[in-house]
Amino acid sequence: VHDILDQLLDELPERDRELLILKEVEGFSVQELAEILNVNVNTIKVRLFRTRARLMDLYRHRLNVDSSHPVAKGRVKSDGSAI
Amino acid sequence: MEAQFNKPACLQFEVLLEDHVTGDLSNADAARLADHLESCMACNSALENAAASVDLLRTLSPAADPGPGFSRMMMARIRQELSKLNEQRSVWQPFISLAWRFAATATLALAVLVTFDAVRHNNNSEIVDLRPAGTRELFPDPGRLPANRDEVLMMVADTNHGKR
């Protein structure tokens, strides 16, 4: 899952990938990101939401699974395996 | 093969959907969003995707450490972007800078002129008329007394040899 996820993140536009990593990996808050990038908080939220949705679309496409699959449903263990 | 993307969520609900994903949704907004989700498949699908990606990204955090240089690199890039933004904004900056230079130069020139004038005025007022009584016709300029004997003679000659 990690390898696939790395590849999928690479497929995202650079700007969106950086934003998602800053939020989810680096732990920046939406307010902090808005201040750093000098944009509205809602703009950050919309960009994050679209990037998340797109990432999962790419993930489903990569695994070729439907939305009923546990991995695609998001039920994933911390080690990356499906519950 | 191109990935098939789901229909995007409704624009006016994307902020609420993101708040829902991150657990920051207020009660009032939650009720409004729930009403909308009952009738909107696109938002339902996008929300499911986004929520699933949160769990997926959680698997990334402990394993795929971006490394100690990542934060530094990102902050450098952010600073670079910010400086670009500042440059774009300050179209008038060269003119403002030039105006300040002119103002500073003008102030300095004015200060020099005022100082020069004040010093000159003081010098004039400090000149004491040392000419002896009766010789003032010979030396009409009290600001400039003869420096030596030759100058005395020249001045006497200029004033018609002391004759009235």
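Reading guide: rules and limits
- Residues numbered from 1 in each chain as written.
- Chains lettered and ligands numbered in written order.
- Predicted model: local features only at pLDDT ≥ 70, side-chain atom pairs only at ≥ 80, totals over all residues.
- Heavy atoms only, no water.
- Patch = residues over 30% accessible without salt bridge, like charges linked within 9 Å, V, L, I, M, F, W, Y side chains within 5 Å.
- Areas by Shrake-Rupley, 256 points an atom, 1.4 Å probe, with all protein chains shown as cover.
- Salt bridge = Lys/Arg side-chain N within 4 Å of Asp/Glu carboxyl O.
- Helix = DSSP H or I, 4+ residues; strand = E, 2+ residues; numbered from the N terminus.
- 1 Å grid on protein atoms, 1.4 Å probe; cavity = no way out; pocket = protein on both sides within 12 Å on 5 of 7 lines; lining within 4 Å.
- Points joined across faces, edges and corners; volume = space filled by probe spheres on them.
- Nonpolar A, V, L, I, M, F, W, Y, C, P; charged D, E, K, R; others polar.
- pLDDT = per-residue confidence, 0-100.
- Buried < 20%, exposed > 50% of the residue type's maximum accessible area, 1.4 Å probe, protein only.
- Arc of directions from axis to C-beta.

Another aspect to go through is a nonpolar patch on the surface. Taken together, the side chains of B:V91, B:W92, B:F95, B:I96 and B:W100 define a hydrophobic patch exposed on the protein surface, amounting to about 640 Å² of accessible area. Looking at the element boundaries, B:F95 is found in helix 6 (residues 93–126).

Right, let's talk about the layout of surface pockets for a bit. Rolled over the atoms, a probe as big as a water molecule pinpoints where empty space is left. The volume enclosed by the largest pocket comes to roughly 380 Å³. Taken together, 16 residues make up the lining of the largest pocket; nearest its centre are A:R15, A:E18, A:L37, A:R47 and B:E81. Of all the secondary-structure elements, those providing two or more residues to the lining of the largest pocket are helix 2 (14–24), helix 3 (30–37) and helix 4 (41–63) of chain A together with helix 5 (68–89) of chain B. A total of six residues in the lining of the largest pocket trace back to one element, the largest contributor, which is helix 5 of chain B. Of the residues contributing to the lining of the largest pocket, the split by class is nine nonpolar, one polar and six charged.

Below, the discussion takes up the confidence of the model for chain B. All names here are of chain B. With 74% of its residues at a pLDDT of at least 70, chain B reaches an overall mean of 79. Per-residue pLDDT, averaged within each element of chain B, yields its smallest value for helix 4 (residues 60–63) (57) and its largest for helix 1 (residues 14–22) (91). For this predicted complex, the interface confidence reaches an ipTM of 0.73, while the overall pTM sits at 0.52.

A few words now on helix 3 of chain A. Residue and element names in this part refer to chain A. Within the sequence span of helix 3, burial applies to V30, L33, A34 and I36. Along the axis of helix 3, the buried residues cluster in a sector spanning 165°; they form a single face. The first or second residue beyond helix 3 is N38, which carries a positive phi of 60°.

The next thing to look at is unusual backbone geometry. The phi dihedral of A:N38 is positive, around 60°, even though this residue is not glycine. Counting through the fold element by element, A:N38 comes out in the loop between helix 3 and helix 4.

The next thing to look at is the pattern of salt bridges. Scanning the entire structure with this criterion turns up ten salt bridges over all chains. The residue A:R52 makes a salt bridge to A:E24 at a minimum N-O spacing of 2.6 Å. Of this pair, A:R52 sits in helix 4 while A:E24 is found in helix 2, placing the two residues 28 residues apart along the sequence. A residue is classified by how much of its surface remains accessible, and A:E24, at 22% relative accessible area, is partly exposed. One salt bridge in this structure joins B:D29 and B:R32, with 3.9 Å as the shortest N-O distance. In this pair, B:D29 and B:R32 both sit in helix 2 (residues 27–37), three residues apart, roughly one turn of the helix. We classify B:R32 as partly exposed; its relative accessible area is 44%. In the salt-bridge network here, residues are joined through shared partners; they are A:E14, A:E18 and B:R77.

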